[in-house]
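Geometric and topological summary
Listed below, chain by chain, are the residues.
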Amino acid sequence: MSDSAVRVRYGPSPTGEPHIGNIRTALFDWLLARRHGGQFIVRIEDTDQARRVEGAEEGILEALRWLGLDWDEGPDIGGPHAPYRQSERLPLYREAAERLVAAGKAYRCFCSPDRLDAVRKAQQQQKLAPGYDRHCRNLTPEQVDAAAADGPGVVRFAMPREGTTVVEDALRGAVEFRNELLDDHVLLKRDGFPTYHLASVVDDREMRISHVIRGEEWLPSAPRHVAQYEALGWAPPIWVHVPIIRGADKGKLSKRHGATSVRAYAEQGFLPEALLNFMALLGWSKDESTTIMSRAEMVEAFSIEGLGLASAMFDLERLSEMNARYIRALSPANFLERGRPWLEAAVGREVDLGRLLPLAPSIQERVKLLPELVDYADFFYAEGALEYSNEELMGRGYRGKPWAALEALEAALRLLRGLEGWDAAGLEAGLRGLAEERGEKPGALFTPVRVAVTGKRIAPPLFETLEVLGREATVGRLNAAAERLARPDD
Ligand code: GLU
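Figured I'd write up the structure that's included with this text. For clarity, every value in this text was computed on a predicted model and none was experimentally measured. (Residues numbered from 1 in each chain as written. Predicted model: local features only at pLDDT ≥ 70, side-chain atom pairs only at ≥ 80, totals over all residues. Heavy atoms only, no water.)

Bringing the overall build of the protein chain into the picture now. What the protein chain contains, in helices and strands, is 20 helices and 11 strands. A globule of 490 residues ought to have a C-alpha radius of gyration of about 23 Å, yet the protein chain, at 32 Å, is considerably larger. Projected onto its principal axes, the C-alpha coordinates of the protein chain cover approximately 105 × 50 × 40 Å. In the protein chain, which comprises 490 residues, the share counted as buried stands at 51%. Of the roughly 23,000 Å² of accessible surface on the protein chain, 50% is carried by carbon and sulfur atoms. Treating the 63 positive side-chain charges of the protein chain as one cloud and the 74 negative ones as another, the clouds have centres 4 Å apart. (Helix = DSSP H or I, 4+ residues; strand = E, 2+ residues; numbered from the N terminus. Rg over C-alpha atoms; globule rule 2.2 N^0.38 Å. Buried < 20%, exposed > 50% of the residue type's maximum accessible area, 1.4 Å probe, protein only. Areas by Shrake-Rupley, 256 points an atom, 1.4 Å probe, with all protein chains shown as cover. Lys, Arg positive; Asp, Glu negative; His and termini not counted. Charge placed at Lys NZ, Arg CZ, Asp CG, Glu CD.)

Look at helix 1 (residues 20-35): 22 Å from first C-alpha to last across 16 residues, which is about the 22 Å you get at 1.5 Å a residue. Counting buried positions over the 16 residues of helix 1 gives 12, a clear majority of the element. For helix 1, every residue scored as buried is listed here: Ile20, Ile23, Arg24, Thr25, Ala26, Leu27, Phe28, Asp29, Trp30, Leu31, Leu32 and Ala33. Looking one or two residues past helix 1, Gly37 carries a phi angle of roughly 60°, positive in sign. (Expected span 1.5 Å × (residues − 1).)

In this section: the state of the cysteines. Put plainly, two cysteines are in a disulfide when a covalent bond ties their sulfur atoms together. Under the counting rule described, the total for this entry stands at 0 disulfides. The structure places no disulfide on Cys109, whose sulfur is separated from the nearest cysteine sulfur, that of Cys111, by 3.9 Å. We note that Cys136 lacks a disulfide partner, and the nearest cysteine sulfur, in Cys111, lies 3.6 Å from it. (Disulfide = S-S within 2.5 Å.)

Let's shift gears to the site of the ligand. If you check the shell around the ligand, you find Arg9, Gly11, Ser13, Asn22, Glu45, Tyr196, Arg214 and Trp218 and nothing else. Between the ligand and the protein, one listed contact pairs a nitrogen atom with a side-chain N or O atom of Ser13 at 3.1 Å. Within the complex, the protein chains bury 86% of what would otherwise be the 300 Å² of accessible surface of the ligand. For the shell around the ligand, the class distribution of residues is 2 nonpolar, 3 polar and 3 charged. (Near = heavy atom within 4 Å. Polar contact = N/O pair within 3.5 Å; in protein donor to acceptor, adjacent residues only side chain to side chain. Nonpolar A, V, L, I, M, F, W, Y, C, P; charged D, E, K, R; others polar.)

Moving on, we come to the nonpolar core. In this structure, Leu64 and Phe335 are the most contacted members of the largest nonpolar core, which totals 111 residues. Membership of the second largest hydrophobic core comes to 34 residues, among which are Leu100, Val212, Tyr229 and Leu232. (Core = buried A, V, L, I, M, F, W, Y, C linked by side-chain atoms within 4.5 Å.)

Our focus in this paragraph is the environment of Arg24. Within the secondary structure, Arg24 is located in helix 1. For the pair Arg24 and Arg214, spaced 190 residues apart in sequence, the C-alpha separation works out to 9.2 Å. In contact with Arg24, not counting residues within four places along its chain, are Val242, Pro243, Ile244, Ile245, Met279, Leu282, Gly283 and Ala312. (Contact = heavy atoms within 4.5 Å.)

Let's shift gears to the packing of aromatic side chains. As enumerated under the stated definition, the model contains 9 aromatic pairs in all. Ring plane angle 70° and centroid distance 5.4 Å describe the contact between Tyr265 and Phe270, whose orientation is recorded as edge-to-face. On the basis of an interplanar angle of 40° and a centroid distance of 5.4 Å, the ring pair of Trp284 and Phe302 is categorised as tilted. With Trp284 in the loop between helix 9 (272-280) and helix 10 (295-301) and Phe302 in the loop between helix 10 and strand 11 (312-313), this pair connects stretches of sequence that are 18 residues apart. Each member of the pair, Trp284 as well as Phe302, carries the same accessibility label: buried. An aromatic cluster is built from Phe28, Trp284 and Phe302, whose rings are joined through pairwise contacts. Just above the ring of Tyr132 sits the side chain of Arg156; from NZ or CZ to the centre is 3.6 Å. For the cation-ring pair, Arg355 lies above Tyr381, with the distance from its terminal atom to the ring centre recorded as 5.6 Å. (Phe/Tyr/Trp six-rings, centres within 6.5 Å; stacked < 30°, edge-to-face > 60°. Lys NZ or Arg CZ within 6 Å of the ring centre and 35° of its normal.)

Time to look at the pairing of strand 8 (residues 211-215). Burial runs high along strand 8: 5 of the 5 residues are buried. Judged from the 5 bridges that link them, strand 8 and strand 9 (residues 238-242) form a sheet pairing that is parallel. Bridging across to strand 9, His211 finds its partner in Ile238. With helix 7 (residues 222-232) bridging strand 8 and its parallel neighbour strand 9, the resulting β-α-β unit is right-handed. (Pairing = 2+ DSSP bridges. Right-handed = clockwise from strand over helix to strand, strands pointing away.)

Once that is clear, we can look at the sheet that holds strand 3 (residues 106-109). Pairing is antiparallel in the open sheet, where 3 strands are placed in the order 3-4-7. Edge positions in the open sheet fall to strand 3 and strand 7 (186-188), since each of these has one partner strand only. The mean inter-strand angle of the sheet, taken between neighbouring strand axes irrespective of direction, is 40°. Here strand 3 pairs with strand 4 (residues 154-157) via 4 bridges, running antiparallel. Its bridge partner being in strand 4, Cys109 is matched across the sheet by Val154. (Axes fitted to C-alpha atoms, helices over the stretch in contact; angles between N-to-C directions.)

As a further point, take the packing of helix 17 (residues 424-437) against helix 18 (residues 442-454). For the pair helix 17 and helix 18, the least separation of the axes is 9 Å and the interaxial angle reads 125°. Taken as axis vectors, helix 17 and helix 18 run oblique relative to one another. Once helix 17 is placed against helix 18, the crossing between them reads as right-handed. Mapping the contact onto sequence places Leu431, Arg432, Leu434 and Ala435 in helix 17 and Pro442, Leu445 and Phe446 in helix 18. A breakdown of the residues in the contact of helix 17 with helix 18 according to their chemical character gives 6 nonpolar, no polar and 1 charged. (Parallel < 35°, antiparallel > 145°, perpendicular 65-115°, else oblique. Left-handed = near helix turned anticlockwise from the far one by under 90°.)

Okay, structure coming up:
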């Protein structure tokens, strides 16, 4: 493969939020381009005006940006083959369609929607394969002129009626299709817009695309595209139809498998690098064992040969595990910064993350998703009273014995007020010593202290937490807890 010739495109239709199945092919495109020093092109396939969704294009570009998949040519940055929105390239498609009509390889069709409907119904009744019956394929020039007076109709491709069309797929080898089973598809619609079949072929040629990587749901369309290339006298690109992604139940990936839009993953607190790594493995592998790869390692290792034919299995649990690994690998400062939006939303104001730094590594060990940082850190920033019950304060050690818990808290208060210095090691030695002195299990004593200062039973490691919280706040919260214990739960 000559490196400089690698040009790949991601051709999303702006019909909504990009989903994981769709953006995975963008990742494969991007990896191939970066591996070979080629170009990754974003082309907006908006020829179906009825399905266009306002804002979808921005959403697609945002998802690519968030994942760090940078593009060399695209609707926002232009490039040598601009424009990169199909709706702005109509003359190109019209020209190709007219060329095909002039060469007898395509024809105008004036069949009304009602007629097409009737044909479809008749085919259904006779249990025939649905498809256009070629009614207009052999109109004389006079008939065409006469019909055109009432409107331009559509342009259909005249599929060869016999023989086969072979799609040379990089993963599957030669895939043969019988032409008689392929009807004459529309190239140009009544509204003057091309169909996907025409627009993608014209653009792939015009933009010098070397490899078309797309989901295997497009394989049945590929013989139509190959036939168009032949009719236009153009050499086709290399076809790469990647297996679709399935859920654990083998069904085609959908929301019920926990798969959602890229934006939803971002909002749930997945890291882009984890999602990227996870997606790369949906249909591609470096070898039999490597699962964790940086972006650079993936670029280095990527090859079309590494794409497999087995359908890729989407496993949300695996994605969460991968996210947890990536979270653990972040530097503490970076981890806190990434979690900042959730923490600030929960606390309701800007927070100073610096004080959490010493605790960050132990929080990183405990979370799978970024928003979980909130559970481990919001209490540091709480200004009013924390919410917990006396039951929680007493824990198992003092269950049903508020006076005993109160006594323990008061002993802890005395100790902490007078403790020399305020660091995790000293706090641990002091509190463990106190438990021993009192002849109780450390856990029994630590629970009311933990609940008093964090408001939770599950919290970051206690002594580091106290160190970060500081003496004043710790003593204040222990006092508040002691007061609570002195009065019954309300
Ligand atoms: N616009 C098509 C899509 O939505 C692109 C298919 C292709 O890559 O050829 O998915």
